[in-house]
Amino acid sequence: MKIAVCVKQVPDSWAEKKMVNGVLDRENVDAVLNDLDEYAVEEALRIAEAHGGNEEGGANTVTVISMGPDRATEALRKALSMGANDAILITDAGLAGADALATSAVLSKVISDGGYELVICGTESTDARMSVVPAMISARLGWAQLTFASKVTVDPSGTVSITRVTEAGVDEISGAFPCVISVVEKINEPRYPSFKGIMAAKKKTIEQKDLAAVGVSATSAWSQVNDATPRPPRAAGVKVTDEGSGGSALVDFLAEKKLI
Amino acid sequence: MSNVFILADFSGDKATKTTAELATAAARIGAVTAVVLAGNGKGATLAATVNQGPIANVLILESDDFAQFGVAASADALANLIKEKSPAAVLIASHAFGKEVAARVAVLTESGIITDAVDVAADATATQLVFGGSTTVHSKVSHGTPIITVRPNSVEADLSASSPATENATANIGDAAKKSKISSSQPLVKGGRPELTEANIVVSGGRGTNGDFAAVEKFADELGAAVGASRAATDAGWYPHSHQVGQTGKSVSPQLYVACGISGAIQHRAGMQTSKTIIVVNKDPEAPLFDIADFGVIGDLFSVLPQATDGIHAKKS
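Looking now at the overall build of chain A. On a plain count of helices and strands, chain A comes out with seven helices and 15 strands. With respect to the three principal axes, the spread of C-alpha positions in chain A is 70 × 40 × 40 Å. Burial analysis of chain A (260 residues in total) assigns 48% to the buried set. Of the contacts formed within chain A by residues at least 6 apart in sequence, a portion of 68% connects residues at least 24 apart.

Set out below in structure tokens:
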């Protein structure tokens, strides 16, 4: 099987994020592989390993695909050190400020040209938090959408079954190759790259392409930010130390605020 | 006056409060048509419950494909309806299903999309709280039909009774939307507690519970609240992951948020700091979450919460 994993480099979850001219300032913060994409890389590796492996000459390949600036190679290198075979990075000045629609258009073109059977994504990025790109890729390619999976079972003859878990409930869903899968946190425990993996990743190929090489033209975002204002920090209120009546003080506060 | 679509939101056979919230926001833009996607023969029953909020019309699309093919079929039918009727905007609930339907509709109708709006103005400008609620953003769709998903519990719903005119339309669903098939569907077993993202009050437990959520749950039940948990608590397996509040879990903004034994890493704050009132109970006086608490109790949650639970109970009786 040819498996593609879509990943994004995001500002570190712990970093303070700021907007500059209506877009997220990505330059002055530490950047990491999106937490939730690690589960997608892990799941791809596990699927490959369960069906003949992805070693050189193995039955499967796992390719990591990302769109972003040059430095996104760091995030790709992390995925490669976990065990993915190779990576594709789409970098183009025309993609600055791209929205989810443009992102999904570029990724879809790369995926359809690559001849993959499975595309695996995380459910959302920890920066934009839209959770829309997997569904958009599925809609653009006309592939089966198997998203919010807490369990994925692949029959290499061409079908995938998943357990979809959302706030609405649990669904069992299946579809035929090719399909787009997104996985929730907790589907697996992503592996730490081994020393051997890290060394091997340095020799793996990251193919960099611009929009012309991908074969799509730049489109401006279809939604615009009018303004972005930091909200005033919350001020700390009353703090009491429990000396036997802390619970009662809490109740008094609730009553005073008419919350009970 | 222009026409605006909302995708009616249901829990079982009943329209949710979210439907009225969507209608309330949409009514600022134009006359509201609630689109009801239903199985064959079920439309009238569902539509009859769409009776709160400023809704002028209900448009029923019936097909058994909705239950069988889920998100893709729903999005296809809605997209085809949008192409036919050209509404001024489309508002959809911002949960997993709603966001994915919106995503596909945006692709299919070549329209811009904004997710997780907490408010929508008359000119369809959406307000979002980003980066864990630390920044307010106003944005607007500039291409096609604005597709906006609105977070449950954000817009104050006009719950006045309405008796919209009901009409049926054909559900047009193409083969490309029938690629993933649902073989079984288990609605979430609802305990007595409200859904985390829709609750007016959320009580959460963290590392300080040491795995014992009994005191947190009892206090939550006394308040009629939903129960949340920090990532530390869900990672330790103390509470189901579906209850995690934070950057990689759910974002909540209830009227009241009570954090018990949670120190307040950015990861957690990102999911709750837009709550209207925040109460923190923690043994550690240096816990960073105290910095954003309207009321803080430095103390052991195992003595503070039971006392508070009894206190509320006494006030009620």
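Next comes the rest of the account.
The strand order across the open sheet formed by 10 strands is S14(A)-S9(B)-S8(B)-S7(B)-S10(B)-S6(B)-S1(B)-S4(B)-S5(B)-S11(B), and the pairing between neighbours is mixed. The two strands at the open ends of the sheet, each matched to only one other strand, are strand S14 (223-230) of chain A together with strand S11 (165-169) of chain B. The average angle at which neighbouring strand axes cross in this sheet is 35 degrees, direction not considered. As defined by bridge partners, strand S5 (residues 57-62) of chain B adjoins S11(B) across five bridges and the pair is classed as parallel.

Residues and elements named next belong to chain A. Compared with the 22 Å implied by 1.5 Å per residue over 16 residues, the 24 Å span of helix H1 (residues 35-50) between its first and last C-alpha is a close match. For H1, every residue scored as buried is listed here: Leu36, Asp37, Glu38, Tyr39, Ala40, Val41, Glu42, Glu43, Ala44, Leu45, Ile47 and Ala48. Where H1 terminates, the next one or two residues include Gly52, which has phi positive at roughly 105 degrees.

A:Val5, A:Ala79, A:Ile181, B:Val35, B:Val36 and B:Leu91 are the most contacted members of the largest nonpolar core, which totals 134 residues. With 11 residues, the top contributor of residues to this core is helix H3 (residues 65-85) of chain B. Those residues in contact with B:Val36 that sit more than four places away from it in its chain are B:Ala8, B:Gly43, B:Leu46, B:Ala47, B:Val50, B:Val58, B:Leu59 and B:Ile60.

This part covers unusual backbone geometry. All names here are of chain A. Cis geometry marks the peptide bond from Phe177 to Pro178; its omega dihedral reads -15 degrees. As for its placement among the helices and strands, Pro178 is situated in the loop between strand S11 (169-176) and strand S12 (179-183). Unlike most non-glycine residues, Arg129 shows phi in positive territory, near 55 degrees. The residue Arg129 is located in the loop between strand S8 (118-122) and helix H4 (133-141) in this model.

Turning to the interface of chain A and chain B, a few remarks are in order. Of the residues lining the interface, 64 residues belong to chain A; the matching set on chain B comes to 73 residues. Counting only elements with at least two residues in the side of chain A that touches chain B, the list comes to H1, helix H3 (100-114), H4, strand S9 (144-155), S11, S14, strand S15 (238-241) and helix H7 (246-256) of chain A. Grouping the amino acids of the side of chain A that touches chain B by side-chain chemistry returns 31 nonpolar, 19 polar and 14 charged. Relative to strand S9 (residues 135-141) of chain B, S14(A) is paired through seven bridges, and the arrangement is antiparallel.

Moving on to the sheet that holds strand S1 (residues 2-7) of chain A. Judged by pairing direction, the sheet is mixed, and its 10 strands sit side by side in the order S13(A)-S7(A)-S6(A)-S1(A)-S8(A)-S12(A)-S9(A)-S10(A)-S11(A)-S12(B) without closing on themselves. Looking at the sheet topology across the chains shown, the edges are occupied by strand S13 (206-209) of chain A together with strand S12 (180-187) of chain B. Strand-to-strand, the axes of this sheet are offset by a mean angle of 30 degrees, without reference to chain direction. Where S1(A) and strand S6 (residues 61-67) of chain A come together, six bridges link them in parallel fashion. Among the inter-strand pairings, A:Val5 is bridged to a residue of S6(A), identified as A:Val64.

So, about the pairing of S1(A). Residues and elements named next belong to chain A. Burial within S1 is extensive, with five of its six residues counted as buried. Both S1 and S8 contribute to a ladder of four bridges, which runs parallel. In the strand pairing of S8, Val5 is matched with Ile120.

Turning our attention to the packing of H3(A) against H4(A). Residues and elements named next belong to chain A. Two elements in contact, H3 and H4, have axes separated by 9 Å at closest approach and are oriented at 55 degrees. With respect to each other, H3 and H4 are oriented oblique. For H3 against H4, the interelement crossing comes out right-handed. Residues Ala100, Leu101, Thr103, Ser104, Ala105, Leu107, Ser108, Ile111 and Ser112 of H3 pack against Val133, Met136, Ile137, Arg140 and Leu141 of H4. Grouping the amino acids of the contact of H3 with H4 by side-chain chemistry returns nine nonpolar, four polar and one charged.

The next point concerns the environment of B:Val36. Its place among the elements puts B:Val36 in strand S4 (residues 31-38). Among the residues examined, B:Val36 registers 26 C-beta atoms within 10 Å and is labelled buried.

Another aspect to go through is the packing of H3(B) against helix H4 (residues 96-108) of chain B. Residues and elements named next belong to chain B. Interaxial distance between H3 and H4 falls to 8 Å at its minimum, and their mutual angle equals 45 degrees. Relative to H4, the element H3 lies oblique. Viewed along their axes, H3 and H4 form a crossing whose handedness is right-handed. For the pair H3 and H4, the contacting residues are Val71, Ala72, Ser74, Ala75, Asp76, Leu78, Ala79 and Ile82 in the first and Phe97, Glu100, Val101, Arg104, Val105 and Leu108 in the second. Residue classes in the contact of H3 with H4 are distributed as 10 nonpolar, one polar and three charged.

All names here are of chain B. Domain annotation of chain B identifies domain 1 (3-177) and domain 2 (196-316). Computed from C-alpha atoms alone, the centre-to-centre distance between domain 1 and domain 2 is 32 Å. Each partner contributes to the interface: domain 1 provides six residues, whereas domain 2 provides 10 residues. The class makeup of the residues in the side of domain 1 that touches domain 2 is two nonpolar, four polar and no charged.

What follows covers the environment of B:Gly311. Position of B:Gly311 among the secondary structure elements: in helix H8 (residues 301-316). Taking the C-beta count within 10 Å as the criterion, B:Gly311 has 21 such neighbours and is therefore assigned buried. The sequence separation of B:Gly311 and B:Thr109 amounts to 202 residues, and the corresponding C-alpha distance is 55 Å. For B:Gly311, the contacting residues outside a window of four places in its chain are A:Gly247, A:Ser248 and A:Val251.

What counts and how
- Residues numbered from 1 in each chain as written.
- Chains lettered and ligands numbered in written order.
- Predicted model: local features only at pLDDT ≥ 70, side-chain atom pairs only at ≥ 80, totals over all residues.
- Helix = DSSP H or I, 4+ residues; strand = E, 2+ residues; numbered from the N terminus.
- Buried ≥ 20, exposed ≤ 12 C-beta atoms within 10 Å, placed from the backbone.
- Contact = placed C-beta atoms within 7 Å.
- Pairing = 2+ DSSP bridges.
- Axes fitted to C-alpha atoms, helices over the stretch in contact; angles between N-to-C directions.
- Expected span 1.5 Å × (residues − 1).
- Core = buried A, V, L, I, M, F, W, Y, C linked by C-beta atoms within 7 Å.
- Nonpolar A, V, L, I, M, F, W, Y, C, P; charged D, E, K, R; others polar.
- Parallel < 35°, antiparallel > 145°, perpendicular 65-115°, else oblique.
- Left-handed = near helix turned anticlockwise from the far one by under 90°.
- Domains from an automatic or database assignment.

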